[in-house]
Amino acid sequence: MDLNLFKVFDAVYRANSLTEAAKDLHITQPAVSNALARLREHFDDPLFVRRGRSIAPTPLADSIAADISNSLIALQESLHRGQQFDPTTSKRRFIISMGDPIEFVALPSLISQLQQHAPGIRLQSQRLVRDQLSRQLISGEISMAVDIPQAVDPSIQQQFLFKDDFWVMMRENHPLAAQSLSLKSYLLAQHISVSGRSRGSVIEDAALNRKGLNRNIILRGQSYYSASHIVAETDLLLTLPKHLALRFQQFLPLQCLPLPLKLPALEMQMYWHRSANNDTAHQWLREKIQAIIAQNGDAN
């Protein structure tokens, strides 16, 4: 039996779609169909049946799915245990899924360290898609991810990285920069908010709304990076995580003050699939990321 057939079965079972399984495995849909045909012949069972626009597993497929998934993970872990990792000679490539703020804070230091200690390792930073996180880690589409706490598949490992308070950023010599920022002054000022979503409240507005308060938002942007440049040249205020504000302050004429509103601290986690637990190269990179991010946040 070709073990690759079981990889196809596992991908189809998780995706409930031949098309999505083909994308995850980076093969054609006819190749997926051919593999399923061989498995159906072996098990004398259709394994998957059409149900509307998707497919559903048969009782036999349900009964063998966990065994196949666990066996693939055990095989992957065995392969990693057999590999010797030397950062100075390794040619490994890792794909890390993270948002723009973490990319801006972590990647410069991480790349600097890789150039010094692991010049052959290659990285790809990929935009974070929260509702696809578990699937992408399970399929190997991404190596690891950094994001806020969220519900994930039981096969996904996670580790706390840091927590961070929200601060307010304004240009140097802003009328509010020379005094302690009050909630009243904060609400009367003009603001820029940042969100990757086209609609819906951001964290600070949701907290204000619960108190029956509103602020004057005249611009909603997609990126803290561009927002920081706008703030440096206008009287707008920007509310953002403290570690990110301090980072921007290194490059732009900005002033940072504590937010005059109590918000839950922003938490960040690192996520990876359990098949990488004993991968020494993966472990090494996770430790590097953890150390770098901890320098920019509160890791207590």
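Residues numbered from 1 in each chain as written. Predicted model: local features only at pLDDT ≥ 70, side-chain atom pairs only at ≥ 80, totals over all residues. Heavy atoms only, no water.

A. Spatial organisation of the sheet that holds strand β10 (residues 237–241). Here we have five strands laid out as an open sheet, ordered β9-β8-β10-β7-β11, and mixed in their pairing. If you trace the sheet from one side to the other, it starts and ends with β9 (216–221) and β11 (254–258), each paired once. Averaged over neighbouring strand pairs, the angle between their axes works out to 35 degrees when direction is ignored. Here two bridges tie strand β8 (residues 190–194) to β10, and the two strands are oriented parallel to one another. Note that in β10 the partner of Ile-192 across the bridge is Leu-238. In the packing of helix α9 (residues 224–233) onto the sheet, contacts are made with β7 (166–171), β8, β9, β10 and β11, and the angle to β10 comes to roughly 145 degrees. Contacting β7, β10 and β11, helix α10 (residues 242–249) runs over the sheet at an angle of about 120 degrees to β10. (Pairing = 2+ DSSP bridges. Helix = DSSP H or I, 4+ residues; strand = E, 2+ residues; numbered from the N terminus. Axes fitted to C-alpha atoms, helices over the stretch in contact; angles between N-to-C directions. Contact = heavy atoms within 4.5 Å.)

B. Structural detail: a nonpolar patch on the surface. Nonpolar side chains collect at one region of the surface, where Ile-218, Leu-219 and Ile-230 lie side by side and expose about 220 Å² of accessible area between them. Structurally, the position occupied by Leu-219 is in strand β9. (Patch = residues over 30% accessible without salt bridge, like charges linked within 9 Å, V, L, I, M, F, W, Y side chains within 5 Å. Areas by Shrake-Rupley, 256 points an atom, 1.4 Å probe, with all protein chains shown as cover. Salt bridge = Lys/Arg side-chain N within 4 Å of Asp/Glu carboxyl O.)

C. Representation of the environment of Leu-72 in the model. Along the polypeptide, Leu-72 turns up in helix α4 (residues 59–81). Relative accessible area serves as the criterion here: at 21%, Leu-72 is assigned to the partly exposed category. When the C-alpha atoms of Leu-72 and Thr-280 are compared, they prove to be 18 Å apart, with 208 residues separating the residues in sequence. Leu-72 has contacts with Phe-6, Lys-7 and Asp-10, leaving out every residue within four places of it along the chain. (Buried < 20%, exposed > 50% of the residue type's maximum accessible area, 1.4 Å probe, protein only.)

D. Focus on the sheet that holds strand β6 (residues 156–164). The strand order across the open sheet built from five strands is β4-β3-β5-β12-β6, with neighbouring strands paired in mixed fashion. The outermost strands of the open sheet, each flanked by one partner alone, are β4 (122–127) and β6. Within the sheet, the average angular offset between the axes of one strand and its neighbour, ignoring direction, is 20 degrees. Bridge count between strand β5 (residues 144–147) and strand β12 (residues 266–273): three bridges; the pairing is antiparallel.

E. View of the environment of Tyr-186. Tracing the backbone shows Tyr-186 in helix α7 (residues 183–188). Sequence-wise, Tyr-186 and Pro-119 are 67 residues apart; in three dimensions their C-alpha atoms are separated by 47 Å. In this structure Tyr-186 touches Val-168, Leu-181, His-191, Glu-204, Leu-208, Arg-215, Leu-237, Thr-239, Leu-259 and Pro-260, once residues within four positions along its chain are discounted. Here Thr-239 takes part through its side chain, which lies 2.7 Å from a polar atom of the side chain of Tyr-186. (Polar contact = N/O pair within 3.5 Å; in protein donor to acceptor, adjacent residues only side chain to side chain.)

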